[in-house]
Structure formats: C-alpha cells, structure tokens
Amino acid sequence: MFEFRNGSLHAESVPLDAIAHEFGTPCYVYSRAALEGAMAQYQSACAGHDALVCYAMKANSNLAILDLFARTGAGFDIVSGGELARAIAAGADPRKIIFSGVGKSAAEMRYALQSDILCFNVESAAELTRLAAVADSMGRRAAVSIRVNPDVDARTHPYISTGLKENKFGIEFDAAPELYRTASRMPQLEVVGMDCHIGSNLIETAPLLEALDKMLGLVDSLAGEGIGLRHLDRGGGLGIRYRDETPPDVAAYLGEVFARVGARKLKLVFEPGRSLVGNAGVLLTRIEYLKPGAARNFAVVDAAMNNLIRPALYEAWHDIVAVGDSGVAQAVYDVVGPVCESGDFLGKERELAVKEGALLAVMSAGAYAMCMSSNYNSRPRAAEVMVDGEKMQLIRERERPEGLFALEHLLR
Ligand SMILES: *Cc1c(COP(=O)(O)O)cnc(C)c1O
C-alpha cells in the first residue's frame, strides 16, 4: 500500500508529500487497506473454526485503528487499565477483551471485572490470589486463563523474548498443573483457558509450534483430572518483513495450529500485534540538514528516537527511502534526529540521493513506534494520519509544546 507512482512515494492513492504539506512532519501515516488486509488474513484463516482474533493493542493503540479492527469483529488483548479505557472508547466489545500482563493492580482488576471482560491471563500465584480477593469483594467471578511459560527459545531479540525460564512472564511449565488445581478450587474464579506468548517478531514458527505441543499435552492431562478448559490462547509473535526476512505465512501458521488442536473442543484465541499493523504505517520525516564529514555523512531529520525508539532500543532495521527525486547523486548517510544522544539514529549507512528539505519515509513503522514515543527533549509527539484510497484524515493531532508541561506546577 506504500508504492512509488511517477517517482513519488504514495500511501494508497495519496502522495506522501501532500500529507507532509497538509499536516507537517514528523508524521505517522497509515494505510487503512493495509490494516484491514492484515486483519482479513487472520480472520479468513480462522473462518470455519471456533476462534477469536484479539489485537494486541500495545503495538499501536490509536483509537481510529482500534475502531477499524473492532468493526471487523476482532477483540483486543490489553495490558493495562489505560488500554481498557482506550478499547472501550474505541467501541470494543468488552466480552472480546483479554487482559494480559504481569503486574495488574487491584484497581485495574476491578475496572476490568466491572467492564465484564472475557478473561484475565494470570501470570503468577500471587496475582491469582489477588484476583480472587477482588472478585470476592465485588461479588463476582473472574474468568481466568493461566499463562504458561513453556521454556522455549523464540530465537528473537532478547528484549522481546518472553518464553524462557529466566523471563518474568508466565507460570513455570512444571508448576502450572498445581496452580490450575488451586485456581479450580477458588469459588471466585472460573478457570477457562490457557495462554502462552513466547516473544515477538518471530521469523520462524517452529518455536511457536513447540510451545503449542507442550500446551496441548498440559490441556489433555488437566482434562484427565477433570479440569476442562474452554479456550487456548496462542498469544502473538509473528514477525514481519523489515528488511529481507521471510516472515511466517499467517494462513499456514494458523492452519498448522488448527490441525494440531484437532478434534479437541477448544476455542482458539490469537493475539497478534506487530503482524497486523507493522507494515501498515510509515514515519514521514523531513531532512533539516545534511552534514558531510570525514568519517560519516549525517542526514539530520526532524524525527528522532523520541518518535521511533526501535533502532536505538533494539538496533532494529527500518528501510528509509526518499519520498521524491531530489535530482542529486547518491551518498551514504547516517539518518539521525535532533535529540542529544548518540543513540538517536533511525538508520545507519543508508544510500540516499537527497538534499536539504527532502522528505524521507521510515518504513514498517506501524508497530511499536508511535505508541513507544516519548517527550524526551520536550519534543511534542508526531501527528498521525490515516489514508483511505484518495482520502487522508488526521487521527491524532501533533502535540503542542504547552501540552507538554500542562500537568506541571511551579513551586508555591
Ligand atoms: C506483545 C504481546 C502480544 C503481541 O505480540 P506481537 O509480537 O506484536 O504479535 C501478544 N500477547 C501478549 C501477551 C503480548 O505481551
């Protein structure tokens, strides 16, 4: 959905330079067709099965995107009370919301119980006890799934690997049966499922399937003890192409999951994040200065690590392309932002034919991009724009400097 037409990069039918002209830079630009297309891949692979796609909204939680996905019938995977408030504001059906995360507060539990969400993905024995107490105080029952940690190596970046024993996530596999027994004896809890999420941006499915087999073994042995589960939540994790990777095919992966689950009476839940939004967005930025040097040439742009932290945080690669033709020769640049950190780069050693004032598009910036942005250096967050065919619409205003300190107080 991001293609060159007549030498100029477009989002669907809208030239990116028109978006920069209208809304300024830096600016995130999303393609509605790309978002809906990615969701359709999951939903068509689920057709004919008892399954629910719960978008892991931490990947990109703009209300317009949540609204688009809610309209397709998708549910949401949330990790905080703030995300629950967002999902509800976007029109999500709370009965399709799953609450993940290792540190749910009692207030968040209360809010989620009041909202009547589908299920809590519980990550520790202590959380189970707290949830039971909160449910008890409200005279309600909480539906729970236990997140198991299968001790499987997702073979991804260590910061986004979550399924190893040394990670903070989930219940150790061998301790899970005992916790299921404990939970099923608690009258305030209704044990409904099992979940597992071993990491993000996986470019092979073998670790996901290895984890699935371990889960199915546990589901079967629990059923043998009379603890029957209604759903199996496979988490998220499918990677996308940032550079030249060959990410897993969604339909092939889901097909394999359904095949392995076989005749068991289990609803399947998937929690994709990155693979729904990652390649549906770009970060549009303008070159402020070219700064040639003996060791390096720098292209200093108006977006920075506060807007897109993935390169600094994970040494992640994003393609960076010139939006139009500057009519100059190529050179090799480090693309850097104005923030006062040497870690403030969007890409290193990139061949670009650009001059001052040229627009660049940082590709594959739909996931873990805007949502991870900060106000470091008192930089307002970028605007966000949704393109739909020939139409463009502002879906988040550029922050204003006054807004950055509006919650602060001078000393009395
Ligand atoms: C982050 C997360 C996801 C989504 O992961 P992706 O790699 O973006 O698909 C799903 N489930 C849980 C519990 C998560 O923490």
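Bear in mind that the values here come from a model prediction, so they are computed numbers and not experimental data.

Parameters and conventions
- Residues numbered from 1 in each chain as written.
- Predicted model: local features only at pLDDT ≥ 70, side-chain atom pairs only at ≥ 80, totals over all residues.
- Heavy atoms only, no water.
- Helix = DSSP H or I, 4+ residues; strand = E, 2+ residues; numbered from the N terminus.
- Pairing = 2+ DSSP bridges.
- Axes fitted to C-alpha atoms, helices over the stretch in contact; angles between N-to-C directions.
- Parallel < 35°, antiparallel > 145°, perpendicular 65-115°, else oblique.
- Left-handed = near helix turned anticlockwise from the far one by under 90°.
- Contact = heavy atoms within 4.5 Å.
- Nonpolar A, V, L, I, M, F, W, Y, C, P; charged D, E, K, R; others polar.
- Domains from an automatic or database assignment.
- Buried area = accessible area lost by both parts, 1.4 Å probe.
- Salt bridge = Lys/Arg side-chain N within 4 Å of Asp/Glu carboxyl O.
- Polar contact = N/O pair within 3.5 Å; in protein donor to acceptor, adjacent residues only side chain to side chain.
- Near = heavy atom within 4 Å.
- Areas by Shrake-Rupley, 256 points an atom, 1.4 Å probe, with all protein chains shown as cover.
- Buried < 20%, exposed > 50% of the residue type's maximum accessible area, 1.4 Å probe, protein only.

**Overview of unusual backbone geometry**
No. 1: Across the junction of Thr25 and Pro26, the peptide omega takes the value -5°, indicating a cis bond.
No. 2: Among the structural elements, Pro26 can be located in the loop between α1 (16-23) and β4 (27-31).
No. 3: If you check the backbone angles, Glu12 has positive phi at about 50° while not being a glycine.
No. 4: Position of Glu12 relative to the elements: it lies in the loop between β2 (8-11) and β3 (14-15).

**Things to note about the sheet that holds β2**
No. 1: Strand order in this open sheet of three strands is β1-β2-β3, and the pairing throughout is antiparallel. Of all strands in the sheet, those bounded by a partner on one side alone are β1 (2-5) and β3.
No. 2: With four bridges joining them, β1 and β2 adopt antiparallel strand pairing. In the sheet register, Arg5 faces β2, and the bridge partner there is Ser8.

**Notes on the packing of helix α2 (residues 32-46) against helix α3 (residues 63-71)**
Working note: a packed helix pair is described by the angle between its axes plus the distance between those axes.
No. 1: Across the interface, α2 lies against α3 with an axial gap of 10 Å and an inter-helix angle of 40°. The angle between α2 and α3 places the two elements in the oblique class. Our pair here, α2 against α3, has a crossing hand that is right-handed. Between α2, through Arg32, Leu35, Glu36 and Met39, and α3, the contact on the second element is made entirely by Ile65, Leu68, Phe69 and Arg71.
No. 2: Here the contact of α2 with α3 is composed, by residue class, of five nonpolar, no polar and three charged.

**Overview of the domain arrangement of the protein**
No. 1: Assigned domains of the protein: these are domain 1 (2-30 + 278-404) and domain 2 (32-274).
No. 2: Taking only C-alpha atoms, the centre of domain 1 and the centre of domain 2 are 32 Å apart.
No. 3: The interface is formed by 23 residues belonging to domain 1 together with 20 residues belonging to domain 2.
No. 4: At the boundary of domain 1 with domain 2, total buried surface from both sides reaches about 2000 Å², with 56% on carbon and sulfur atoms.
No. 5: Ranking the residues of domain 1 by area buried against domain 2 places Tyr314, Trp317 and Tyr368 at the top, with a combined share of 31%.
No. 6: On the surface where domain 1 and domain 2 come into contact, there are one salt bridge.
No. 7: A salt bridge links Arg32 to Asp388; its shortest N-O distance comes to 3.3 Å.
No. 8: Across the contact surface, domain 1 and domain 2 share 11 residue pairs in polar contact (both at pLDDT 80 or more).
No. 9: When residues of the side of domain 1 that touches domain 2 are assigned to their parent elements, the largest contribution, four residues, is made by strand β20 (residues 383-388).
No. 10: Taken together, the residues of the side of domain 1 that touches domain 2 break down into 12 nonpolar, five polar and six charged.

**Here's the deal with the site of the ligand**
No. 1: Close contacts around the ligand come from 15 residues, with Lys58, Ser200, Glu271, Arg274 and Tyr368 the closest.
No. 2: Glu271 is positioned such that a nitrogen or oxygen atom in its side chain is 2.6 Å from a nitrogen atom of the ligand.
No. 3: In isolation the ligand has 390 Å² of accessible area, and contact with the protein removes 94% of it.
No. 4: Partitioning the shell around the ligand into residue classes produces three nonpolar, seven polar and five charged.

**Looking at the environment of Asn297**
No. 1: Looking at the secondary structure, you find Asn297 in the loop between β14 (281-291) and β15 (298-301).
No. 2: You can call Asn297 partly exposed: its relative accessible area is 23%.
No. 3: Taking the C-alpha atoms as reference points, Asn297 and Tyr333, 36 residues apart in sequence, are found 4.8 Å from one another.
No. 4: Apart from residues lying up to four places away in sequence, Asn297 is in contact with Lys291, Pro292, Ala331, Val332, Tyr333 and Asp334.
No. 5: At 3.3 Å, the side chain of Asn297 forms a polar contact with the backbone nitrogen of Gly293.

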